[in-house]
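A closer look at the structure
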Amino acid sequence: QVQLVESGGGLVQAGDSLRLSCVASGRTFSTMGWFRQAPGKEREFVARMRWSGSSTNYAEFAKGRFTISRDNAKNTVYLQMNSLKPEDTAVYYCAAKITITSEYNYWGQGTQVTVSS
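Let us look at the structure shown here.

Cut-offs applied
Residues numbered from 1 in each chain as written. Predicted model: local features only at pLDDT ≥ 70, side-chain atom pairs only at ≥ 80, totals over all residues. Heavy atoms only, no water. Salt bridge = Lys/Arg side-chain N within 4 Å of Asp/Glu carboxyl O. Buried < 20%, exposed > 50% of the residue type's maximum accessible area, 1.4 Å probe, protein only. Helix = DSSP H or I, 4+ residues; strand = E, 2+ residues; numbered from the N terminus. Contact = heavy atoms within 4.5 Å. Disulfide = S-S within 2.5 Å.

Some remarks on the pattern of salt bridges
Scanning the model with the defined rule gives four salt bridges in all. With a closest N to O distance of 2.7 Å, Glu60 and Lys63 form a salt bridge. Owing to a relative accessible area of 46%, Lys63 belongs among the partly exposed residues under this scheme. Here Asp88 ties to Arg65 by a salt bridge, and the two come within 2.7 Å at their closest N and O atoms. Linking Asp88 in the loop between strand E8 (76–81) and strand E9 (90–97) with Arg65 in the loop between strand E6 (56–58) and strand E7 (66–71), this pair joins segments that are 23 residues apart in sequence. Considered together, Asp88 and Arg65 belong to a single accessibility category, that of buried residues. Connected through shared salt-bridge partners, Arg36, Glu44, Arg65 and Asp88 make up one network.

Focus on the side chain of Ser21
Considering the arrangement of structural elements, one finds Ser21 in strand E3 (residues 18–25). For Ser21, the residues in contact, after removing those within four places along its chain, are Val5, Glu6, Ser7, Trp34, Thr76, Val77 and Tyr78.

So, the state of the cysteines
Taken as a whole, this structure holds one disulfide when the rule is applied. One disulfide bridge connects Cys22 with Cys94, the sulfur atoms lying 2.0 Å from each other. Torsion about the S-S bond of the Cys22 and Cys94 cystine: about -75°, corresponding to left-handed handedness. Taken together, the residues Cys22 in strand E3 and Cys94 in strand E9 connect sequence positions 72 residues apart. The same class applies to Cys22 and to Cys94, which are both buried.

Quick look at the structure:
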């Protein structure tokens, strides 16, 4: 059974940092991604990386503040978020692709990040 389990969300003040974690189990994946959805808005891409190699991509708003990384031994992907802003408030989701060219096949349940001003 495939599972993606996020953790690490919470309530922080503007300027603070958070590190989200996503533990993947049940099969191997080619690509892991982070997405977010704010109230009343569509889900949007945040960052992604391959399970092998060092290829990463970031949304413009994430560049310079967010870092995606992985620990292969722990089957865990992280999203380090620094200099958080109130507009970063959202539910953050971990997602996984089976192949590089596929859509994201699996999604986690999400973890709430709230940034107060």
